[in-house]
Amino acid sequence: MPGVQAAAAPLGAEPEPIGLEAGEYGRHSLISSLPVPLWDVDARAASRIFDQLRADGVTDLDDYLNERPDLVDLACEVVTVVGANRGAVELMGAAAPGVLLGPVRYLFAIARDTGRRVMLAHFAGHRNHVEQAKIRTFDGRVRDVLFLVTFPVRGEQLDTTLIMMIDNTAQLDAEARLRQVEADLSHAARLSTLGQMTAAIAHEIKQPLSAILTNAETSLRWLAKPDPNLAKIAQLVQRIADSAQRGADIIRRVQDMAGKRQPRHARLDLNDVIREALNFVRHDCEERSIRMQVDLAADLPSTVGERIQLQQVVVNLLVNSAQALAAMPPDEREIHVATFREGAESVGFAVRDTGPGIPAYDLERIFGGFFSTKEGGMGIGLTICQSIVAAHGGAITVLKAPGGGAEFRVALPSHSIVWAPP
Amino acid sequence: MPSVPLIAIVEDDAALRDALADLIEVLGFAARAFDSSESFLAVHVPGLFNCLITDFNLLGESGVQLRRRLQVLDPSLPVIIMSGQADPLACAWALRDGAAAYLAKPVNAQVLLQRLNSALGRASRA
């Protein structure tokens, strides 16, 4: 067809677009110029294999592939690329366009599981399959791509399966770096909070250490007597062990808070998170004559999350409340912590104080970065809280507490909601 | 035969409270321990105890405030104050206030024994 010939004329020094099955006039030029890399694939051989499997009674290809993983390799051999556009040639860094033709195996060199999932989608009769994958180019680079496959259905040209790829390496890179920065910032905030608590932590550790020393000295004095009370000594030594364990627990808690670690999500009981967070601030609150009222709901559904990060949020809110209460007379300093269920799908906790509250004009700004009314305050605590809560699929809100004071409420999805961490 | 001096201990940390009670006993005294100033005051009558050992920071009432109340209720009762904070200023105030001794935690048994003997000796002379 003369029209097709004209459209196939090469343009300057660009790689020669490979001839695609030109079903319609002008389609060839259109597809070759598509800004998205595109492969024209003939998957009929795979279709025939699947028909045979169905005839043999196979209904679950996933199961079948567990027994016969070599079938994936076979499919990658018999399914062939019959055309590719300019974008595909460029993405693959091919020296010559012809290198892209032939078995599709090279597309799944790194992402073998992708190849398997494409087969499953094909077998199941899906129209499209999309997933994130990795591609090795012909010049040795690895790219992250969004891998899109569109299958033909009966009535269409069954020899044309389309594969497209969108290179999103740069975006994924940027997202990974952003997550790292957020983790670093979160870590810095935890260290800052811990630094403020140094005196309280030192005091807390001193208690079990004092008990250990005293019990040891008492034991030695008993042993020095002509008639040592061995039963008493045994009791004292047991208490030494118990106190040492208590000290170790305190240290572990501090190390957890200080540690820079990859977040690990697990099923959590929010009540436990609150209790552990309270351990951090208990001494400080006693020093400041702050009365702590704790109402933990029974039968609270569990949530899914990172224990240390959620602890960080609770500690941050408690520290903020404690600092706000410095302005109040000693007998009016109260912090109220509660956990609750919210509907069928959420659990939450609230930290309320009897402090001066947050002025209405500040309510909107407090979650923005670098807002602080404290002298020397960095003002990133609430921002990080918000980012941690959002990463857990939850929300944090601030309210005016009845009777003045501020109330921070955090709602989190309960574990029954299927939620996959990023 | 002189009776064994009865030492009252006020300390809110349970492990430390038990440890001190056992130490006081192996040192040759009798001990009775309380978890707060309130529970101590509920039991206290003048002359019942020969010495009081109390933590500086207590739930409800600071050790120094307790000391002041006792000055009215039982002025001859010697009071030894223990503190987890290394605070020389608090120490000076406590001693000026009439405390028999101010000891830093962790408490050294030998030092405690010396202070106890001194406090009990002073009381028996008073």
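In this report, the structure presented in the accompanying data block is examined. All values derive from a computational prediction rather than experimental measurement. (Residues numbered from 1 in each chain as written. Chains lettered and ligands numbered in written order. Predicted model: local features only at pLDDT ≥ 70, side-chain atom pairs only at ≥ 80, totals over all residues.)

Attention now moves to the packing of helix α5 (residues 70-78) of chain A against helix α7 (residues 112-123) of chain A. Residues and elements named next belong to chain A. α7 packs onto α5 with a crossing angle of 80° between their chain directions and a minimal axis gap of 10 Å. Here α7 runs roughly perpendicular to α5, going by the angle between their axes. Contact residues: Val72, Ala75 and Cys76 in α5; Arg112, Gly115, Arg116 and Met119 in α7. Tallied by class, the residues present in the contact of α5 with α7 amount to 4 nonpolar, 1 polar and 2 charged. (Axes fitted to C-alpha atoms, helices over the stretch in contact; angles between N-to-C directions. Helix = DSSP H or I, 4+ residues; strand = E, 2+ residues; numbered from the N terminus. Parallel < 35°, antiparallel > 145°, perpendicular 65-115°, else oblique. Contact = placed C-beta atoms within 7 Å. Nonpolar A, V, L, I, M, F, W, Y, C, P; charged D, E, K, R; others polar.)

For the rest of this paragraph, the subject is helix α14 (residues 381-391) of chain A. Residue and element names in this part refer to chain A. Those residues of α14 not exposed but buried are Gly381, Leu382, Ile384, Cys385, Gln386, Ile388 and Val389. On its buried face, α14 sits against α8 (169-196), α12 (307-324), β12 (395-400) and β13 (406-413). Two residues or fewer after α14 comes glycine 393, characterised by a positive phi angle close to 75°. (Buried ≥ 20, exposed ≤ 12 C-beta atoms within 10 Å, placed from the backbone.)

Time to look at the interface of chain A and chain B. Tallying the contact residues gives 18 residues for chain A and 16 residues for chain B. Elements supplying a minimum of two residues to the side of chain A that touches chain B: α9 (198-224) and α10 (230-258) of chain A. No other element matches α9(A), which puts 14 residues into the side of chain A that touches chain B. A per-class count over the side of chain A that touches chain B returns 6 nonpolar, 7 polar and 5 charged.

The next point concerns the pairing of β12(A). Consecutive side chains along a regular strand alternate between the two faces of the sheet. Residue and element names in this part refer to chain A. Note: β12 against β13, 6 bridges, orientation antiparallel. Bridged to threonine 397 within β13 is arginine 409. From the end of β12 to the start of β13, which pair antiparallel, there are 5 residues, and glycine 403 there has a positive phi angle of about 85°. (Pairing = 2+ DSSP bridges.)

All names here are of chain B. With parallel pairing, 5 strands are arranged side by side in an open sheet as β2-β1-β3-β4-β5. If you trace the sheet from one side to the other, it starts and ends with β2 (30-34) and β5 (101-104), each paired once. Sheet twist, expressed as the average angle between the axes of neighbouring strands with direction ignored, equals 20°. Pairing of strand β1 (residues 6-10) with strand β3 (residues 51-55), which is carried by 4 bridges, proceeds in the parallel orientation. For isoleucine 7, the partnering residue across the bridge sits in β3 and is cysteine 51. Sitting on the sheet, helix α1 (residues 14-26) touches β1, β2 and β3, and the angle it makes with β2 is about 165°.

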